[in-house]
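So the chains spell out like this:
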Amino acid sequence: MTCVHEKIEAALDRWQESHWYLHQIEGHYHDSDALRYSMNAFIRSLREIPDMITMALQNHEHFPNWHRPIRRELELNDPLFSKIIQHRRHIVHKSMLKPESKAFVASIRGYTIKMQFGFYIDPFEDSDMAINRFIENSKKDPILMQTLAPDDIQALALIREWHIEGFDEEIIESFRNAWIRVTNYLSDVLGFLGEERFPEGLPPCFRDSRDYRYKKYHGLHKEVEAYA
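Residues numbered from 1 in each chain as written. Predicted model: local features only at pLDDT ≥ 70, side-chain atom pairs only at ≥ 80, totals over all residues. Heavy atoms only, no water.

Asker: Any chance you could explain the overall build of the protein chain here in plain terms?
Answerer: Helix and strand content of the protein chain: 11 helices and four strands. Classification of the 228 residues of the protein chain by burial places 46% in the buried group. For the protein chain, the proportion of contacts with a sequence separation of at least 24, taken over those separated by at least 6, is 74%. (Helix = DSSP H or I, 4+ residues; strand = E, 2+ residues; numbered from the N terminus. Buried < 20%, exposed > 50% of the residue type's maximum accessible area, 1.4 Å probe, protein only. Contact = heavy atoms within 4.5 Å.)

Asker: Is there a simple way to explain helix 2 (residues 9–27) in this structure?
Answerer: Owing to its 3.6 residues per turn, the α-helix aligns residues three or four sequence positions apart on the same side. With 19 residues, helix 2 extends 27 Å from end C-alpha to end C-alpha; this agrees with the ideal 27 Å at 1.5 Å per step. Restricting attention to buried positions, one finds in helix 2 the residues Ala11, Leu12, Trp15, Ser18, His19, Leu22, Ile25 and Glu26. All buried residues of helix 2 project into a common sector of 120 degrees when viewed along the axis, lining one side. Turned more than 90 degrees away from the buried face of helix 2 sit Glu9, Trp20 and Gly27, all of them exposed. (Expected span 1.5 Å × (residues − 1). Arc of directions from axis to C-beta.)

Asker: It is not clear to me how the nonpolar core should be interpreted in this structure. Could you clarify?
Answerer: In globular proteins that are soluble, nonpolar side chains generally tend to be buried together. With 38 residues, the main nonpolar core has Ile49, Ile53 and Phe175 as its most contacted residues. Elements that contribute at least two residues to this core include exactly helix 2, helix 3 (32–56), helix 4 (63–77), helix 5 (79–86) and helix 9 (171–192). Element by element, the count of residues in this core is highest for helix 9, at 10 residues. In this structure, isoleucine 53 is in contact with Ile8, Ala11, Phe63, His67, Tyr185, Leu186 and Val189, ignoring residues within four places of it in sequence. (Core = buried A, V, L, I, M, F, W, Y, C linked by side-chain atoms within 4.5 Å.)

Asker: Help me understand the packing of aromatic side chains, please; the structure alone is not making it clear to me.
Answerer: Any two aromatic rings considered together are summarised by their centre-to-centre distance and by the angle between their planes. Taken as a whole and assessed by the stated rule, the structure comprises 11 aromatic pairs. Ring geometry for phenylalanine 42 and phenylalanine 175: centres 4.9 Å apart, planes at 15 degrees, overall stacked. Of the two residues, phenylalanine 42 is situated in helix 3 and phenylalanine 175 in helix 9; the sequence distance between them amounts to 133 residues. Each member of the pair, phenylalanine 42 as well as phenylalanine 175, is classed as buried. Measuring from ring centre to ring centre gives 6.5 Å for tyrosine 111 and tyrosine 214, while their planes differ by 80 degrees; the resulting arrangement is edge-to-face. In this pair, tyrosine 111 sits in the loop between strand 1 (102–109) and strand 2 (112–118) while tyrosine 214 sits in strand 4 (residues 214–217), placing the two residues 103 residues apart along the sequence. Tyrosine 214 sits in the buried class, given a relative accessible area of 12%. One aromatic cluster is present, formed by Trp15, Trp179, Phe198 and Phe206 through successive ring pairs. In this arrangement the basic side chain of arginine 176 is found over the ring face of phenylalanine 206, its NZ or CZ atom lying 4.7 Å from the centre. (Phe/Tyr/Trp six-rings, centres within 6.5 Å; stacked < 30°, edge-to-face > 60°. Lys NZ or Arg CZ within 6 Å of the ring centre and 35° of its normal.)

This is the structure we're talking about:
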């Protein structure tokens, strides 16, 4: 007897792949090219899952009629997934995925922001390069660093926030929500096939997004102090 999971094994593997790429997005949040490549790969893998389910179960009794409205709901109700479907042929190009990056230089303690101000970063500039620009500017104008007043406890940090054009939601949250909706869709498919659904709730690996958006630079302020 064939295991239910074997029937949709390829789609489940692609779902696991999209999960892996989601963590690549988190890990490369401050590396602009690696981030963009991870975003593209995540989108490609996620958008293929409904097609793979359709192909795997097209001859399963009653499935096509049951599946049609379920898939339509997924593709229309999730904003990111809807955009993926609409722009299937060119969503992965720079013109569609040029992230709109917001950035702040700050002094933080844990997640608590003690002081911050806006700092322009080109969407394709790495955060390490940006903070080095800030350090060089601070050498010329020490008031910048003095205003933040970082020390050994209160760290200098670059806070970054990426968006896909047309979306207000930050990309980690947006992509996680899309992945969760696809997970629920796969749970519905498993339920139709008589199998247990996936566990409800967020996976334990989904950490606070500030762990990725806040990049701390311990001790870097001393370079400006020494120069001054």
